[in-house]
Amino acid sequence: MISAEEYLYYTDRALDGMVRIVTELGDERAGCRPLPGANSPFALLTHCLGVVEYWAGTLVAGRPSQRDRDAEFTAEGRVGDLVARVARVRAQFADDVRAAEPHAALRGTPPAGYQGPDRVATQGAALQHVFEELAQHHGQMEILRDCIAPVRGDETARLRAGHGVKWGVTAPDTIGAWVADMDLGVSPAIRDRLLEVVHREDFGYPYWRGEDPVVAAFEDWMRRRHGWDPRPGRTRIFTDLLQILQVVVEHTTAPGDGVAVHVPAYPPFLASIARAGRRVVPLPMLDDGTRWTFDTEGLRRRLAGCRLLVLVNPHNPTGRVFDRAELEALAGVAEELDLVVLADEVHADLTYRPHRHIPFASLDPAVAARTVTMTSATKAFNLAALRLAVAHVGPRRLRASLDAQPLDLYGTPSILGRVATVAAWRESAGWLEQTRALLRANRDAVAARLPHHPPEATYLSWIRWGGTDPAGHLERTAKVRLSAGAEFAEGTAVDTGGFVRLNFATGPDVLADLLDRLTGAR
């Protein structure tokens, strides 16, 4: 018979392994059941604590207990609370093991419904059963963990093997940190819902019973997340934000009209406005020494002659989250000049505390009546390839103009895009919180080594590097591909040539390598 300390060494190893698994998975993924009929890691660890408390605490130590064995296998909750319970149970368990008399009889009889070996008649046998349960379920949890969060090995090899442009066009010896999507995968709920469609081979022409599920999911998410109640009947579904921009430009402006946008700006927006024959009217972002802002006093003069204001908030690429005073200044001028406002709020769910995103349409009913709010789950939930965006159309004349268009003119997103978007907004809030925590840590790591104004939202850093083509220079010398600053002001008089945009939505190992390369090139 081994000693009590030797026994506790092995049971501690099993408990440590299980705690490590649920901690690594986090609140949302620890509760996942990745296989038909399988338990979740959270439930298995809860069951193991029930085993310890009953078999060691009641049958060995003689303490009364109330146990609902069936409920253990459906347990849900916060990982932090479960880990704290493990610590309490483990401390009592150690005392019980040290006080046990291995050859003495049990202090009770297990109920007939409890599963366990038939030959458990002594305290030593009961403790052996406890170890058997811990070892068995630790092994099961390792299998569940590998199904829920498979080990990917070399992350860059996985990323280069896919179809994403960020890594697909980047040289093998170069790190891709340019295009604004994440290297971090998707939530378990999104993956599960997509796999359900695949397993059903559900690729026929789309049909939805009742209302479009994306519309209801969008409206509920806005209410819960941002305190804005979208008006019913005003939401339209498109394939992406750029399509919405192009549609709104064509329906609210004429060739030669001015379209205002904060610059630096997302390059495809600038190019789309110019290709439509409209004038890009830049609202320059200004560095006030502490953050990026813009001149609210000169807005009326700058916006004279415009018919449309494109408001990107949170702002790409600077990462500013505009405050209420800034938004109200824009709203006042839009009212005075009778502008339609296209509010691109796709980065709203990536806002870092203490900053808070304020939907432009939530300012007041009059503002909402002239605002088209466009957003998508693609940015915060990493779904760019699934091509679905939402527009909440406030202006009555624009709604009528869109409704008069041929039904199929703008196409429709796929079943997969809809299923993934609904899973994002309905089932993936926990995953989003964990992802934002990682992104915040990455943001702070970048700021610690590359001086700039850290973004208040997004996973993008706008960094003044210097030189005429710093992105090209860094790709050649540091082997890191960044977005070239000049592209974010193309066709305007704003000079952003000395800047680069860095995407830090990647794993810690890739980020550390990236920062080492960039700081070495300073």
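About the criteria used
Residues numbered from 1 in each chain as written. Predicted model: local features only at pLDDT ≥ 70, side-chain atom pairs only at ≥ 80, totals over all residues. Heavy atoms only, no water. Helix = DSSP H or I, 4+ residues; strand = E, 2+ residues; numbered from the N terminus. Buried < 20%, exposed > 50% of the residue type's maximum accessible area, 1.4 Å probe, protein only. Contact = heavy atoms within 4.5 Å. Areas by Shrake-Rupley, 256 points an atom, 1.4 Å probe, with all protein chains shown as cover. Lys, Arg positive; Asp, Glu negative; His and termini not counted. Charge placed at Lys NZ, Arg CZ, Asp CG, Glu CD. Phe/Tyr/Trp six-rings, centres within 6.5 Å; stacked < 30°, edge-to-face > 60°. Lys NZ or Arg CZ within 6 Å of the ring centre and 35° of its normal. Disulfide = S-S within 2.5 Å. Core = buried A, V, L, I, M, F, W, Y, C linked by side-chain atoms within 4.5 Å. Expected span 1.5 Å × (residues − 1). Polar contact = N/O pair within 3.5 Å; in protein donor to acceptor, adjacent residues only side chain to side chain. Pairing = 2+ DSSP bridges. Salt bridge = Lys/Arg side-chain N within 4 Å of Asp/Glu carboxyl O.

1. Some remarks on the overall build of the protein chain
Then, in step 1: Within the protein chain, the secondary structure is distributed over 19 helices and 14 strands.
Then, in step 2: By its C-alpha atoms, the protein chain is 95 × 55 × 45 Å across when sized along the principal axes.
Then, in step 3: In the protein chain, buried positions account for 52% of the 522 residues.
Then, in step 4: Expressed as a percentage of contacts within the protein chain between residues at least 6 apart in sequence, the contacts between residues at least 24 apart total 75%.
Then, in step 5: Accessible surface, the protein chain: about 23700 Å² in total, of which carbon and sulfur atoms supply 52%.
Then, in step 6: Separation between the mean location of the 60 positive side-chain charges and that of the 66 negative ones in the protein chain comes to 4 Å.

2. Some remarks on the packing of aromatic side chains
We describe a pair of aromatic rings using the distance from one ring centre to the other and the angle between the two ring planes.
Then, in step 1: Under the criterion given, the structure shown has 13 aromatic pairs.
Then, in step 2: Ring centres of Phe-238 and Tyr-410 lie 5.9 Å apart, and the angle between their planes is 55°; this geometry places the pair in the tilted category. Separated by 172 residues along the polypeptide, Phe-238 in strand E2 (residues 235-238) and Tyr-410 in the loop between helix H15 (396-403) and helix H16 (415-427) bring together distant segments of the chain.
Then, in step 3: In this structure Tyr-410 comes out as partly exposed when scored by relative accessible area, which is 22%.
Then, in step 4: Arranged with centres 6.1 Å apart and planes meeting at 25°, the rings of Phe-381 and Trp-431 form a pair that is stacked. Placement of Phe-381 in the loop between strand E9 (371-375) and strand E10 (389-393) and of Trp-431 in helix H17 (residues 429-449) is noted, with a sequence separation of 50 residues between them.
Then, in step 5: Three or more aromatic residues joined by ring pairs make a cluster, and in this case those are Trp-292, Trp-462, Phe-488 and Phe-499.
Then, in step 6: Sitting over the ring of Trp-178, Arg-481 keeps its end group 4.1 Å from the ring centre.

3. Examining the state of the cysteines
Then, in step 1: In this structure the tally under the stated criterion is zero disulfides.
Then, in step 2: No disulfide involves Cys-147; its sulfur sits 11 Å from the nearest other cysteine sulfur, which is in Cys-32.

4. Digging into the nonpolar core
Then, in step 1: Grouped together as the largest cluster of nonpolar side chains are 56 residues, with contacts concentrated most on Phe-381, Trp-425, Leu-439, Tyr-459, Leu-502, Leu-514 and Leu-518.
Then, in step 2: Of all the elements in the fold, those that place two or more residues in this core are helix H8 (188-200), helix H9 (213-226), H16, H17, strand E11 (460-464), helix H18 (470-477), strand E14 (499-503) and helix H19 (508-520).
Then, in step 3: The biggest single contributor to this core is H9, with six residues.
Then, in step 4: Excluding residues within four positions of it along the chain, Leu-514 makes contact with Ile-175, Ala-177, Val-480 and Leu-502.
Then, in step 5: One finds Val-19, Val-52, Trp-55 and Val-60 within the second-largest nonpolar core, a separate group that totals 43 residues.

5. With respect to helix H10 (residues 241-252)
Because an α-helix packs 3.6 residues into every turn, residues spaced three or four apart end up facing the same way.
Then, in step 1: Compared with an ideal rise of 1.5 Å per residue, which puts twelve residues at 16 Å, H10 spans 16 Å between its outermost C-alpha atoms and is within 8% of the ideal.
Then, in step 2: Where H10 begins, the capping side chain belongs to Asp-240, and its oxygen is found 3.3 Å from the backbone nitrogen of Leu-242.

6. Regarding the sheet that holds E14
Then, in step 1: Taken together, the three strands give an open sheet; going across it, the order is E11-E14-E13, and neighbouring strands pair in antiparallel fashion. Here the strands that pair on one side only, and so sit at the sheet edges, are E11 and strand E13 (483-484).
Then, in step 2: Pairing of E13 with E14, which is carried by two bridges, proceeds in the antiparallel orientation. If you follow Ser-483 over to E14, its bridge partner there is Arg-501.

7. Some thoughts on the side chain of Glu-133
Then, in step 1: Structurally, Glu-133 can be placed in helix H5 (residues 123-148).
Then, in step 2: No salt bridge is formed by the buried Glu-133; its nearest oppositely charged neighbour, Arg-69, is found at 5.9 Å.
Then, in step 3: Within the local environment of Glu-133, its side chain forms a polar contact with the side chain of His-47, the two groups lying 3.1 Å apart.
Then, in step 4: Glu-133 has contacts with His-47, Cys-48 and Val-51, leaving out every residue within four places of it along the chain.

Any link to function would need more than the numbers given here.
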